[in-house]
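Residues per chain, in single letters:
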Amino acid sequence: MSNQRSQPRFIAPEFVRDLEDHFLRVQPENGYYVYHIEQLKQHLAKLQQQDVVKLWFAVKANPLSSVIKTIADQGFSFDVASQGELEQVLAQGVSPQNILNTGPAKSRQQIARFIDRGVAIFVVESINQLVWLNEVAEQKRVTPKVLLRVQLQWPEGEKNPLGGNELTPFGLATQQWQTLTIADYQHVNICGIHIFQWGNMLSNAKMFELWSQMIPPLSQLAETLGFDLDILDLGGGLGIDYLQTGQAINWSTAMQDLAEIKEKANVKEIWLELGRYAVAQSGYYIAPIVDRKDNFGSQQLILAGGINHLLRPAITNQPFPTRLLRTSASECEHFHVHGPLCTSLDKLGEFDFPQDVKEGDALVFGLCGAYGFTESMPFFLCHDIAAEYIFVDQNFELIREPQAPQWYLR
Ligand SMILES: Cc1ncc(COP(=O)(O)O)c(C=O)c1O
């Protein structure tokens, strides 16, 4: 069977042709990213067609300037987790009023810098963070909003990249937060709770079950501490079907579920900070094939870029969906796909490709718009840093050139 007869779902055939034309024109030697801006816009516009949740974008998923601008234009606010993310979002013209700060490693100095830059909403993850924020707020005569980040444990918990039931540095148990006396923190406005422990969920029913189980302990915490639970921030966690199993979160079902959660929790606002669900599907990684060999009876392809550009397969054991970046009438065969690093971890997966695939061809990986470029390990072995393009108005626009390692080597 040829790969052209079973059209993969992760990429439209017209866009494969656009990518192929561009590849043949530019003849890049290195792997590079392309973000399809129109596709991103249309997806985000659909997510905004509801009045149940306020949407934030978790910048860690993709901090590229053009991506941030597109997301801002669609009415999202921004969750930043570092000074670097904050400066990048501000540089795109986003108002600090539309930024919140999460993260387990906020120092007193960082908190002061964020307040100086106008940030007025903080997800507080420890008692120290609350003490420091309250002190800095007093000095600087501001009253930031605060959401307490809570970690729960369930009797039948599962493992999960975000921790699930495991001990993580993200927030505190309700027992710890219960030791607070709210009246000691006069310079902040504690008005909500943040909770996010389950990443890449693909089942609406499972998410609804987890969200439902969170309500009683969180409502109880707010009541015990004596503050009005106005805002419930449920983080991210809406998943992407990397393995192309056909499972997917249905957005309108999620909105119906969250409307119910909002009512049951009796909160004024539900917030979501979407990462992968917002941007994954609009990003592609294209990698030239450098070599092909037959080894111990297996076919191997060696790419110009591997986990130095696209780390996720090595840490999750899940490949990104991929296909050959050209048409072929050949029958398919099984291939092992490796990157250029000196570790067997540098493997992007095993796939069926047309038998005539060869050096000089390229592969395109889909669903790479989130946790791609900035989650990779670009320094190891000193290969070039991946370029990033956007595809907008039918044109490929180079946002950053492939960078030689001399810029950081000393
Ligand atoms: C605090 C916080 N919010 C939101 C997200 C985004 O998660 P996702 O990509 O699952 O939507 C993350 C991801 O790590 C996070 O740490």
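Please refer to the structure higher up on the page.
Throughout what follows, the structure given in this document is the object of discussion. In this text the structure is predicted, and so the values were computed from the model without any measurement.

1. Looking at the pattern of salt bridges
Thought 1: Taken as a whole and judged by the stated rule, the model has 14 salt bridges.
Thought 2: With a shortest N-O distance of 2.3 Å, arginine 108 and glutamate 135 are connected by a salt bridge. Note that arginine 108 is positioned in helix H5 (residues 108–116) and glutamate 135 in helix H6 (residues 127–140), a separation of 27 residues in sequence.
Thought 3: Judged by relative accessible area, arginine 108 falls into the partly exposed class, the value being 36%.
Thought 4: One continuous salt-bridge network, built from bridges that share partners, spans Arg326, Asp356, Lys358 and Asp361.

2. Re the packing of aromatic side chains
Thought 1: Under the definition given, this model contains 18 aromatic pairs.
Thought 2: Pairing tyrosine 242 with phenylalanine 320 gives two aromatic rings, centres 5.5 Å apart and planes at 90°, and the pair type is edge-to-face. Residue tyrosine 242 is located in the loop between strand E8 (231–233) and helix H9 (251–265), and its partner phenylalanine 320 is located in the loop between helix H11 (312–316) and strand E12 (322–324); the two are separated by 78 residues in the primary sequence. For the pair shown, tyrosine 242 and phenylalanine 320 are each scored as buried.
Thought 3: Centroid distance tryptophan 407 to tyrosine 408: 5.3 Å. Interplanar angle 80°. Geometry classified as edge-to-face.
Thought 4: Taking relative accessible area as the criterion, tryptophan 407 reaches 44% and is therefore assigned partly exposed.
Thought 5: An aromatic cluster is built from Tyr33, Tyr35, Tyr285, Phe335, Phe351, Phe353, Phe365 and Phe373, whose rings are joined through pairwise contacts.
Thought 6: Directly above the aromatic system of tryptophan 56 lies the positively charged group of lysine 54, at a separation of 4.8 Å from the ring centroid.
Thought 7: Over the ring of tyrosine 242 we find arginine 312; its NZ or CZ atom is 3.8 Å from the centre of that ring.

3. Topic: the environment of proline 313
Thought 1: With respect to the secondary-structure elements, proline 313 resides in helix H11.
Thought 2: On the accessibility criterion, proline 313 (7% relative accessible area) is buried.
Thought 3: Put simply, proline 313 and aspartate 352 are 39 residues apart on the chain and 17 Å apart in space, counted from C-alpha to C-alpha.
Thought 4: Here proline 313 is in contact with Gln318, Pro319, Phe320, Lys347 and Leu348, once residues within four sequence places are set aside.

4. Examining the packing of helix H8 (residues 204–225) against H9
Thought 1: The interhelical angle for the contact between H8 and H9, taken along N-to-C directions, is 15°, at an axis separation of 10 Å. Classified by the interaxial angle, the pair formed by H8 and H9 is roughly parallel. Read as a crossing pair, H8 and H9 show a hand that is right-handed. Facing Asn204, Phe208, Trp211, Ser212, Ile215 and Ser219 of H8, the residues of H9 in contact are Thr253, Ala254, Asp257, Leu258, Glu260, Ile261, Lys264 and Ala265.
Thought 2: A breakdown of the residues in the contact of H8 with H9 according to their chemical character gives seven nonpolar, four polar and three charged.

5. Digging into empty space enclosed by the protein
Thought 1: In total, this model carries three cavities of 30 Å³ or more according to the counting rule given.
Thought 2: The wall of the largest cavity is formed by Ile195, Phe196, Gln197, Trp198, Met207, Leu210, Trp211, Met214, Leu234 and Gly236.
Thought 3: Of the residues that constitute the lining of the largest cavity, the class distribution is eight nonpolar, two polar and no charged.

6. Considering H6
Thought 1: Compared with an ideal rise of 1.5 Å per residue, which puts 14 residues at 20 Å, H6 spans 20 Å between its outermost C-alpha atoms and is within 8% of the ideal.
Thought 2: Every buried residue belonging to H6 is among Gln129, Leu130, Leu133, Asn134, Val136 and Ala137, and all of these are buried.
Thought 3: On its buried side, H6 packs onto H5, strand E5 (121–124), strand E6 (145–149) and strand E7 (189–194).

7. Notes on the packing of helix H2 (residues 37–47) against helix H3 (residues 65–73)
Thought 1: One can describe the packing of H2 onto H3 by two numbers: an axis separation of 10 Å at closest approach and a directional angle of 30°. When the interaxial angle is binned, H2 and H3 end up roughly parallel. Between H2 and H3 the crossing geometry is right-handed. Listed contacts from H3 to Ile37, Leu40, Lys41 and Leu44 of H2 are Ser66, Val67, Thr70 and Ile71.
Thought 2: For the contact of H2 with H3, a count of residues per class yields five nonpolar, two polar and one charged.

8. Digging into the site of the ligand
Thought 1: The immediate surroundings of the ligand are formed by 13 residues, with Gly237, Glu273, Gly275, Arg276 and Tyr371 found nearest.
Thought 2: In the model, an oxygen atom of the ligand is placed 3.1 Å from a nitrogen or oxygen of the lysine 60 side chain.
Thought 3: Between a nitrogen atom of the ligand and a side-chain N or O atom of aspartate 79, the distance comes to 3.4 Å.
Thought 4: Summarising the interface, the protein chains cover 91% of the accessible area of the ligand, which totals 400 Å² for the free molecule.

Criteria and cut-off values
- Residues numbered from 1 in each chain as written.
- Predicted model: local features only at pLDDT ≥ 70, side-chain atom pairs only at ≥ 80, totals over all residues.
- Heavy atoms only, no water.
- Salt bridge = Lys/Arg side-chain N within 4 Å of Asp/Glu carboxyl O.
- Helix = DSSP H or I, 4+ residues; strand = E, 2+ residues; numbered from the N terminus.
- Buried < 20%, exposed > 50% of the residue type's maximum accessible area, 1.4 Å probe, protein only.
- Phe/Tyr/Trp six-rings, centres within 6.5 Å; stacked < 30°, edge-to-face > 60°.
- Lys NZ or Arg CZ within 6 Å of the ring centre and 35° of its normal.
- Contact = heavy atoms within 4.5 Å.
- Axes fitted to C-alpha atoms, helices over the stretch in contact; angles between N-to-C directions.
- Parallel < 35°, antiparallel > 145°, perpendicular 65-115°, else oblique.
- Left-handed = near helix turned anticlockwise from the far one by under 90°.
- Nonpolar A, V, L, I, M, F, W, Y, C, P; charged D, E, K, R; others polar.
- 1 Å grid on protein atoms, 1.4 Å probe; cavity = no way out; pocket = protein on both sides within 12 Å on 5 of 7 lines; lining within 4 Å.
- Points joined across faces, edges and corners; volume = space filled by probe spheres on them.
- Expected span 1.5 Å × (residues − 1).
- Near = heavy atom within 4 Å.
- Polar contact = N/O pair within 3.5 Å; in protein donor to acceptor, adjacent residues only side chain to side chain.
- Areas by Shrake-Rupley, 256 points an atom, 1.4 Å probe, with all protein chains shown as cover.

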